[in-house]
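Take a look at the letters that make up each chain.
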Amino acid sequence: ETGVTQSPTHLIKTRGQQVTLRCSSQSGHNTVSWYQQALGQGPQFIFQYYREEENGRGNFPPRFSGLQFPNYSSELNVNALELDDSALYLCASSLPNTPGGAGYGYTFGSGTRLTVV
Amino acid sequence: AQKVTQAQTEISVVEKEDVTLDCVYETRDTTYYLFWYKQPPSGELVFLIRRNSFDEQNEISGRYSWNFQKSTSSFNFTITASQVVDSAVYFCALMDGNKLVFGAGTILRVKS
């Protein structure tokens, strides 16, 4: 069984540019969540996708957007990059409605380290 | 508001020492779920344990043990006889709907 893979692993962008991060979910998982982890902090929930629809969103501006594809892979797009967007972006896949919450079945990828200069 | 506090920013111990990582949570829910994750330098979050609010039994898994106390809203994690491979950042988290609310994490450094 394959885990969650994210690409690229590292990325450097200039302020104002746009970026797309990619995530392939674990086999059999149809829900994908994205988290932003700034240096020295805990991960913050960006949004979740289930069946290609957004299924909950954290406190992030609209320039953070996402997509989920029929094969359950996902993209995170960030427009008009700001310096504060520099962070580790983590993707997690899961099954929905897992007894007690999807968190029981979350599998995290190793993340994409985004640096905005 | 749902909140998780890990007051210990960084802990350093010598190998074979026992170490306890503290976690205090706030929630408005009567049924809730708590988690611990380990984040090694490679970056991925490794699931360690899930605990639901109606099961207050403490749990032991090898060198790891967890002490859940609803009365003090705490869910502490103890590593017995620590090893260098335990060095990582450890996160406590609370399930809020369909998302995890994480604490700021505790950096554990185990020296040989």
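Below you will find a few notes about this structure. Please read these numbers as outputs of a predicted model, since none were measured by experiment.

### Section: the interface of chain B and chain A
- Counting residues at the interface gives 18 residues for chain B, matched by 22 residues for chain A.
- In this assembly, chain B packs against chain A so that about 1500 Å² is buried in total across both faces, 56% of it on carbon and sulfur atoms.
- Summed over the three residues of chain B that lose the most area to chain A, namely Leu45(B), Arg50(B) and Asn98(B), the buried surface amounts to 32% of that side.
- At the boundary of chain B and chain A, one finds 5 residue pairs in polar contact (both at pLDDT 80 or more).
- Mapped by element, the contributors of at least two residues to the side of chain B that touches chain A are strand S5 (33-39), strand S6 (46-52), strand S10 (88-96) and strand S11 (99-102) of chain B.
- Take the side of chain B that touches chain A: its biggest share by element is 4 residues, from S5(B).
- Of the residues that constitute the side of chain B that touches chain A, the class distribution is 10 nonpolar, 5 polar and 3 charged.

### A few points about unusual backbone geometry
Residues and elements named next belong to chain A.
- Backbone torsion omega between serine 7 and proline 8 reads -10 degrees, so that peptide bond is classified as cis.
- Although it is not a glycine, arginine 51 sits at a positive phi angle of roughly 50 degrees.
- Its location among the elements puts arginine 51 in the loop between strand S5 (44-50) and strand S6 (53-57).
- Looking at arginine 51, the relative accessible area reads 60%, which means it is exposed.

The rules behind the values
Residues numbered from 1 in each chain as written. Chains lettered and ligands numbered in written order. Predicted model: local features only at pLDDT ≥ 70, side-chain atom pairs only at ≥ 80, totals over all residues. Heavy atoms only, no water. Contact = heavy atoms within 4.5 Å. Buried area = accessible area lost by both parts, 1.4 Å probe. Polar contact = N/O pair within 3.5 Å; in protein donor to acceptor, adjacent residues only side chain to side chain. Helix = DSSP H or I, 4+ residues; strand = E, 2+ residues; numbered from the N terminus. Nonpolar A, V, L, I, M, F, W, Y, C, P; charged D, E, K, R; others polar. Buried < 20%, exposed > 50% of the residue type's maximum accessible area, 1.4 Å probe, protein only.

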